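A structural walkthrough
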Amino acid sequence: MKRRMLLALAAAPALARAADLPDHPVVMIVPYAPGGSADVLARVIAPAMGEALGQSVVVELRPGAGGNIGAAHVAEGARADGTTLLFASISLSTAPALQRLSFDPLRDLVPVAGLGAIPSLMVVSPESPYRSLGDVLAAARARPGAITYGSSGPGTGSHLAGALLAAQAGVELTHVPYRGSGAVYPDLIARRIDILLDVMGSSAGQVTAGAVRALAISAAERASAFPAVPTIAESGVPGFEFLTWFGFFARSGTPEPARRALEVALLRAFAAPAVQEKLQQASAVPLPARGTEFGHWYAGEVARWQGLVRQGKLARID
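Residues numbered from 1 in each chain as written. Predicted model: local features only at pLDDT ≥ 70, side-chain atom pairs only at ≥ 80, totals over all residues. Heavy atoms only, no water.

Counting secondary structure elements, the chain contains 12 helices and nine strands. For the chain, the C-alpha radius of gyration of 19 Å lies close to 20 Å, the compact-globule estimate for 318 residues. Referenced to the eigenvectors of the C-alpha coordinate spread, the extents of the chain come out at roughly 65 × 40 × 30 Å. Put simply, the chain has 318 residues, and 56% of those count as buried. The contacts of the chain with a sequence gap of at least 6 include a subset with a gap of at least 24, amounting to 79%. Total accessible area on the chain is roughly 12,700 Å²; 53% of this is exposed by carbon and sulfur atoms. One finds the centroid of the 27 positive side-chain charges in the chain at a distance of 3 Å from the centroid of its 24 negative side-chain charges. (Helix = DSSP H or I, 4+ residues; strand = E, 2+ residues; numbered from the N terminus. Rg over C-alpha atoms; globule rule 2.2 N^0.38 Å. Buried < 20%, exposed > 50% of the residue type's maximum accessible area, 1.4 Å probe, protein only. Contact = heavy atoms within 4.5 Å. Areas by Shrake-Rupley, 256 points an atom, 1.4 Å probe, with all protein chains shown as cover. Lys, Arg positive; Asp, Glu negative; His and termini not counted. Charge placed at Lys NZ, Arg CZ, Asp CG, Glu CD.)

Written as structure tokens, this is what we have:
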């Protein structure tokens, strides 16, 4: 994580006003499968946030439908009192464009704080014949649809990264969805699927352990952790960039003092050494951290993905 983000977070107010929240645990809803980047980050952020608030923060997993089940729980079923948080990711900005939802994120959720955005690594089996992204694209052009890419499920970041890559490279790739990124790796390693674009929070460890081989990174620049791994943009798809963002939301109608208490506690938690270490390991880049600025950024992301669908660069998945 870049030093400028650490300094910005360190400037957060010193104390969260827990008195502005009901006196019982805050529940942090993670709408993704266990073991993924969101789960790992949430379990580091929660205790640091609880320390800032002076009350417990409990992580609760509600996976399914690419994150939409957990998001709907907060948007439609949670109390608007500041005691339920949604730890959202990129699917919350893409779903309005790509899927039919029972709720409107821009109307039914209020942004609390932005954490950061993490690139993905394109990885293959160590036994894969593909040694570069160029090899993958050449095979995809020679045999349209024959190259398969795994994902954590429809609408998740790994699915969208693959779909965007296919669209920008002008090739046909076949999507194979799983339930969480952890379920993809056995089939990838055994070469039952060809490639995976997985966020660095979980893929980096697999690469370092030698379980998979990295071909490219989805960021605009190479990562310091893997300097020999080229970007997708420099490997044959100019201008390509895909980052999986993470941020927090509460239900609309949450009183501003309660929302503000959550924001302050989160900003202090983000600056905790354990959280910063996880972000650095994942090569995260900063987002607008405070709720208002994060909300403007988020609305822009929703509009960007809607534009890609209108332009025919991505197809709806519902």
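Helix H4 (residues 91-98) sits mainly inside the fold: seven of its eight residues count as buried. Turning to H4, its buried residues are Ser91, Leu92, Ser93, Thr94, Ala95, Ala97 and Leu98.

Now for the packing of helix H2 (residues 37-53) against helix H11 (residues 273-281). Viewed as axis vectors pointing N to C, H2 and H11 meet at an angle of 160 degrees, and their least axial separation amounts to 8 Å. With respect to H11, the element H2 is oriented roughly antiparallel. Note that H2 runs across H11; the crossing there is left-handed. Across the interface between the two elements, Val40, Leu41, Val44 and Ile45 from H2 touch Ala274, Val275, Lys278 and Leu279 from H11. The residue makeup of the contact of H2 with H11, split by class, is seven nonpolar, no polar and one charged. (Axes fitted to C-alpha atoms, helices over the stretch in contact; angles between N-to-C directions. Parallel < 35°, antiparallel > 145°, perpendicular 65-115°, else oblique. Left-handed = near helix turned anticlockwise from the far one by under 90°. Nonpolar A, V, L, I, M, F, W, Y, C, P; charged D, E, K, R; others polar.)

Attention shifts here to the pairing of strand S3 (residues 84-89). Counting buried positions along S3 gives six out of six residues, so the element sits mostly inside the fold. By the alternation rule, side chains of S3 split into Thr84, Leu86 and Ala88 and Leu85, Phe87 and Ser89, which are all buried. Here four bridges tie S3 to strand S9 (residues 243-251), and the two strands are oriented antiparallel to one another. Along S9, the bridge assignment pairs Phe87 with Phe248. (Pairing = 2+ DSSP bridges.)

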